[in-house]
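An overview of the molecular structure
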Amino acid sequence: MGKTGRDWTQIYAIYGIDDWQTPMFLLLHAIVFSTLSLLFFIYFDPICAFFESLFPGLPGGAARFGAGFTGSVTALSAVCLFFAAGNIFYSAVSLHWDMAQRMVAAVPDWSAVRHTLDVGCGGRGILLNAVAMQLKKAGSSGRVVGLDRRNNAVSTLRTAAVEGVQEYVTCREGDARRLPFGDGCFDVVVSSAFVHTVGKEFGPRTAAATAERGRVIGEVVRVLKPGGAGVVWDLVHVPEYVQRLRELKMEDISLSERVTAFMVSSHIVSFRKPSHHIVGLGEVRLDWRFNNIC
């Protein structure tokens, strides 16, 4: 499946990180808290004396307990911040790459795949390129379309060119809640770490946001060909996608084990659209003329 056993430095060199601010913010605060905890350790006795002068009425030993407790909390905070920064840095590219390989492996036969859609491919196109590399490896003449709500075609095609799969990749701009494709266009539809971002303007745990995410899953099902495969990796809300897929009468629904990504739980859900699919609740049919891919 694609290129295996790749060095993580090579992966980061190709794809980089979209959001450097968050891990750097956490890392800087971790360094500050580490420095403070080290100062508490080195100057423990003077700090205890300061506590005693600040609160002269404290019972014996209370100042030492307060200084020790403050230093311990500071050190623990530094550890947590280092872990958070490391997990976000790892999740952004290295874990994303690993999960893309697992998603590709969830589709048993790529040689017969002609049309694939990556919903929410982003600017780097990690999953998009993993799919393209698998199509190339399988000797398929298929293509993969990367759809994103922003026009990131230049950066996406740049990484595809570095991976040697530019001829397998096409980029489109569009809304995942109303995919700009007709019914049954794609043999495979995939999405990684994207669906949870849909409807965030309503608040992540509101009924409106849940409905918006459900619309995306419904659109994924709509554009799949009967017998086609869908694979979605996402954060936090995957169990609700499983429920939505059951409502839409999908088959072979499989939920992976929990994987911590970006400091929250994540899962991969894979499924197959029945060969004779009946329109499910809330699933909207579009005219095939909506897009020339069909």
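From a predicted model like this one, the values you see are computed outputs, not experimental measurements.

**Brief notes about unusual backbone geometry**
- If you check the backbone angles, A193 has positive phi at about 50° while not being a glycine.
- As for its placement among the helices and strands, A193 is situated in the loop between β4 (186–192) and α7 (207–223).
- One non-glycine residue, K249, lies in the positive phi region at around 65°.
- Position of K249 relative to the elements: it lies in the loop between α8 (238–247) and β6 (251–255).
- With a relative accessible area of 59%, K249 lands in the exposed category.

**Things to note about a nonpolar patch on the surface**
- Together, V32, L36, L38, L39, F41, I42 and Y43 line one region of the surface with nonpolar side chains, adding up to about 710 Å² of accessible area.
- Here L39 lies in helix α2 (residues 21–42).

**Some thoughts on the domain arrangement of the chain**
- Along its sequence, the chain is carved into domain 1 (16–91) and domain 2 (108–273).
- With eight residues of domain 1 at the contact, the number on the domain 2 side is five residues.
- Contact between domain 1 and domain 2 buries roughly 600 Å² in total, counting both sides, with carbon and sulfur atoms accounting for 58%.
- Broken down residue by residue, the surface that domain 1 buries against domain 2 is led by D18, N87 and S91, which jointly contribute 60%.
- Linking domain 1 with domain 2 are zero salt bridges, by the criterion used here.
- Along the contact surface separating domain 1 from domain 2 lie three residue pairs in polar contact (both at pLDDT 80 or more).
- A class-by-class count of the residues in the side of domain 1 that touches domain 2 yields four nonpolar, three polar and one charged.

**Quick look at the packing of aromatic side chains**
- Under the criterion given, the structure shown has six aromatic pairs.
- Ring geometry for F50 against F51: centres 6.4 Å apart, planes inclined by 70°, an arrangement best described as edge-to-face.
- Between F65 and F69, the aromatic rings sit 6.1 Å apart at their centres with planes inclined by 20°, giving stacked as the arrangement. Taken together, the residues F65 and F69, both in helix α4 (residues 62–105) and four residues apart, mark about one turn of the helix.
- Residue F65 is classed as exposed on the basis of its relative accessible area, which comes to 59%.

Here is what the cut-offs are and how they apply
Residues numbered from 1 in each chain as written. Predicted model: local features only at pLDDT ≥ 70, side-chain atom pairs only at ≥ 80, totals over all residues. Heavy atoms only, no water. Helix = DSSP H or I, 4+ residues; strand = E, 2+ residues; numbered from the N terminus. Buried < 20%, exposed > 50% of the residue type's maximum accessible area, 1.4 Å probe, protein only. Patch = residues over 30% accessible without salt bridge, like charges linked within 9 Å, V, L, I, M, F, W, Y side chains within 5 Å. Areas by Shrake-Rupley, 256 points an atom, 1.4 Å probe, with all protein chains shown as cover. Salt bridge = Lys/Arg side-chain N within 4 Å of Asp/Glu carboxyl O. Domains from an automatic or database assignment. Contact = heavy atoms within 4.5 Å. Buried area = accessible area lost by both parts, 1.4 Å probe. Polar contact = N/O pair within 3.5 Å; in protein donor to acceptor, adjacent residues only side chain to side chain. Nonpolar A, V, L, I, M, F, W, Y, C, P; charged D, E, K, R; others polar. Phe/Tyr/Trp six-rings, centres within 6.5 Å; stacked < 30°, edge-to-face > 60°.

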